[in-house]
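# Architecture at a glance
Listed below are the residues making up each chain.
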Amino acid sequence: MNKLFYLSPAKFWHQALPVGNGHTGVMIYGGKSSEKLMFNDSNLWSGYPKNHDNPESLEYLDEVRDLIMAGENKLAQNIIEEKLIGDYSDAYLPLAEIDIKIIGANKRNYSRTLDISNSIVNIETANIQREAFASFPNKVFVYKITSKTPISITLNGKSQLKYEIDTTDGNFNILGNAPDFATPHYLKTKKAATYDEGKGMSFCLSAKFVTNGSCAANNKSVLISKATDITIYFTTATGFVGYDKMPKTSRKYALELAQKTLTPLSNNYEQIKQSHINDYTQIYKKQSLDLKSDIDLPTDRLLKEAKLGRVHNGLVELIYNYGKYLLISSSREGGSACTLQGIWNKDLKAAWSSNYTANINTEMNYWGMSQCNLSECAEPFVRLVCEVMQHGKTTAHTNYNCDGFACNHNIDIWRKTAPVKGESEYMFAPLCGVWLANELYEHLRYGDMEKYRADIQNITTEAAKFACDFLILRNGEYITCPSTSPEASFIKDGQKCSVDYASAFDLGLIKQLFTNYLEFGTDKTLMQKISQRLAKIRPFTCGEYGINEWSQDYNMPEKGHRHFSPMYAFYPAKVIGYYRNPQEREWIEQLYNRRIENSSSFIGWSSAWGISLAARLRKAEKAKMILDRMIKSSFFKNLFDFHPPFFFQIDGNLGFLSAINELLVTEEDEVIELLPALPSKFNEGEIKNIRTATGNTLSFSWKEGLVTSLVVEGKQMKLRNLHLTNDIVLENVELV
């Protein structure tokens, strides 16, 4: 399925349809005789470059380590939360809202559709057709109204930020400035934003009109009368000029940028539309999934069916394709990387500031990118980590006296790498830069990221330098100390603690990083350091419920914790192999089963991770159970992923890609296995041009759990001799 289809307009933001070109994001409500358009720009953030690094952190680091090694974990935690902290990140912001009233609309025969095969929204009533898309080649959002009879429209706009409306150039312009600081939603304060310093970047939303009717504007709105054809071209611009540079605050600057886009724009709508389609489809159609479903129901009806226990394969396929659509729409060259909400955010106090949360969410946003043959979406992510690396070098030195680069869990457009304020279970996370490095290096294996090789290897090198220095030698073993496991805690001496040493999460991150560096490294001194530490790094251990999350088998207050961080070494990393490390894999499975059996959470990103782990554990029906539960409970009506209590987070949408891919294709030690955990409900299907970590591209079909045809592109590929029909024809394949 390739269409989201509805028979009623959106009443709320999470029912509206998203479009984007990696730069401008728009939510389209599609009223019967009105339109609401909510705009974002991927570069519109609060604040400006600041130094959050904390020299005091280093003064107390050794004391914290000594306390932890002496068993005084809670005292160490108290010092971390008082002395090793930083400040809150800045926030990704909503830009503006456009409201259009259509006079003369016949409200009968209503429908609205998002065709994700060409990235075009259509809204139809009895006498009016509306069409909308966001063009990457032309950097505009286009909204076209065609009527069988003459109509009139009024257009006005507003912003939640400080703004003014200007129409002196013949366009409709909303001009304003971002705040110096936007308060995180979890801080209980009435003041959502502050403008006291006047350093917030400028922004502009500009609209150009092409119509066969008459057009008149005042200082607040635009009126178009007696028209049968109205096309509106929108573009956004900001004063952002770089992560390490003060933003431009002049509204004139942002307006001039917008004019540079709109002024030379051709008025040939069909040409602009075709250019958009050609650009989008050459990415989207490179890879495809077909689950052989003929279901044809409105999307909200499909979701209602799922809530009643009937999860149709067509809906699974639609959510998968929608994930591809969202990644293409929110991550393109020159724009910013996907935030917690991609590029769509309606709130001044957005959930978790709609920032980059690097203890799972930012990485998950891109897990499925290379598998789905979407390397055109990579540049913003690579650039994000390159800039984080540069900023993180000062954090590594100032906060931890280490070489290389450190990055904690909250990043913003200014590439903040120091900790935030708050509880240590999420605040203290200096190895998030290691996770980002590992994530990029894994993408490099897929064969379509060669132009980024030098950047990725540089990032991996600097992360490895930090890890080498951050490790400490105790009792003949290298460990991390202090050590956390994202957002998790344990009980010690009757107290809830979240700081220990040698968490499984930390060990998995560093072991994967060191393995990656040894594959390409040329610095003999660094390679020697890594080899020495890797040989003596603390091994994983097992407790009553499987792999130990912490240095020992502590009692865990949350049996069904949403994070699967202690299993990082198994998935998404490959430190622990299914076949290579059977004992450790059993430990992983024990803890995994406990978390799944005790989980009452329907968080989308957690479910996506849970499906991926089930797939790598070859647990098909467990994967199906989580998949059905996720679809039943984790999506809004517009298929945005749901995070309790009522937030949108895009990581669940994008993590869904890797979850489904892992059910179909997995890799270990350069050996590919097909259908490792295929749920019985996927009785028949076909996937085309999925990339693998061996650098190959595969297309194959299956029926009744067996692969019936396989085409392998690239070098000769090793394939595990499982789940293949007896008469399958194999070329360019070595069976093992």
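The preceding data block contains the structure.
Read on for a plain summary of the structure. Please read these numbers as outputs of a predicted model, since none were measured by experiment.

## Here's the deal with the overall build of the chain
What the chain contains, in helices and strands, is 17 helices and 34 strands. Radius of gyration (C-alpha) of the chain: 26 Å, near the 27 Å computed for a compact globule of 736 residues. When burial is assessed residue by residue, the chain has 65% of its 736 residues classed as buried. Within the chain, residue pairs in contact and separated by at least 24 positions form 70% of the contacts whose partners lie at least 6 positions apart. On the chain, roughly 25700 Å² of surface is accessible, and the fraction owed to carbon and sulfur atoms is 46%.

## Things to note about the packing of helix H4 (residues 269–284) against helix H6 (residues 313–330)
Interhelical geometry of H4 versus H6 gives an angle of 130 degrees and a closest axis separation of 11 Å. Of the possible angle classes, the one that applies to H4 and H6 is oblique. For H4 against H6, the interelement crossing comes out right-handed. Note on element contacts: H6 touches H4 through Asn321, Lys324, Tyr325 and Ile328, opposite Tyr280, Ile283 and Tyr284. Here the contact of H4 with H6 is composed, by residue class, of five nonpolar, one polar and one charged.

## Regarding the sheet that holds strand S33 (residues 717–719)
The sheet built from four strands is open, its strands ordered S28-S29-S33-S34 with mixed pairing. Edge positions in the sheet fall to strand S28 (665–668) and strand S34 (733–735), since each has one partner strand and no second. Averaged over all pairs of adjacent strands, the angle between strand axes in this sheet comes to 35 degrees, irrespective of strand direction. In this sheet, S33 lies alongside strand S29 (residues 671–674) in parallel orientation, the contact comprising two bridges. Bridging across to S33, isoleucine 672 finds its partner in leucine 719. Here helix H17 (residues 650–664) sits on the sheet in contact with S28 and S29, set at roughly 75 degrees to S28.

## Looking at unusual backbone geometry
Proline 572 follows tyrosine 571 through a cis peptide bond whose omega is 15 degrees. The residue proline 572 is located in the loop between strand S25 (546–547) and helix H14 (582–597) in this model. Here the phi dihedral of tryptophan 352 falls at roughly 50 degrees; this positive angle occurs in a residue that is not glycine. You can see tryptophan 352 is positioned in the loop between H6 and strand S18 (356–357). Relative accessible area serves as the criterion here: at 28%, tryptophan 352 is assigned to the partly exposed category. Phi at serine 354 is positive, roughly 45 degrees, even though this residue is not glycine. Considering the arrangement of structural elements, one finds serine 354 in the loop between H6 and S18. Residue classification places serine 354 among the buried residues on the basis of a relative accessible area of 0%.

## Here we look at the layout of surface pockets
A water-sized probe rolled over the atoms picks out the places where empty space is left. Reported here for the largest pocket is a volume of approximately 410 Å³. Its residues assigned to classes, the lining of the largest pocket shows six nonpolar, eight polar and four charged. Here the second largest pocket defines a volume of roughly 300 Å³. Lining the second largest pocket are 17 residues, with Arg445, Glu519, Lys574, Glu667 and Asp669 positioned closest to its centre. Contributions of two or more residues to the lining of the second largest pocket are made by helix H12 (504–520) and S28. In terms of residue count, the dominant contributor to the lining of the second largest pocket is H12 (four residues). The class makeup of the residues in the lining of the second largest pocket is two nonpolar, four polar and eleven charged.

## Describing the sheet that holds strand S30 (residues 684–691)
Ordered in space as S17-S30-S31-S32, the four strands form an open sheet in which the pairing is antiparallel. A strand with exactly one partner marks an edge of an open sheet, and here the two such strands are strand S17 (288–290) and strand S32 (706–713). Taking the axes of each pair of neighbouring strands and ignoring which way they run, one obtains an average angle of 10 degrees across the sheet. With seven bridges connecting them, strand S31 (residues 697–703) and S32 associate as antiparallel partners.

What counts and what doesn't
Residues numbered from 1 in each chain as written. Predicted model: local features only at pLDDT ≥ 70, side-chain atom pairs only at ≥ 80, totals over all residues. Heavy atoms only, no water. Helix = DSSP H or I, 4+ residues; strand = E, 2+ residues; numbered from the N terminus. Rg over C-alpha atoms; globule rule 2.2 N^0.38 Å. Buried < 20%, exposed > 50% of the residue type's maximum accessible area, 1.4 Å probe, protein only. Contact = heavy atoms within 4.5 Å. Areas by Shrake-Rupley, 256 points an atom, 1.4 Å probe, with all protein chains shown as cover. Axes fitted to C-alpha atoms, helices over the stretch in contact; angles between N-to-C directions. Parallel < 35°, antiparallel > 145°, perpendicular 65-115°, else oblique. Left-handed = near helix turned anticlockwise from the far one by under 90°. Nonpolar A, V, L, I, M, F, W, Y, C, P; charged D, E, K, R; others polar. Pairing = 2+ DSSP bridges. 1 Å grid on protein atoms, 1.4 Å probe; cavity = no way out; pocket = protein on both sides within 12 Å on 5 of 7 lines; lining within 4 Å. Points joined across faces, edges and corners; volume = space filled by probe spheres on them.

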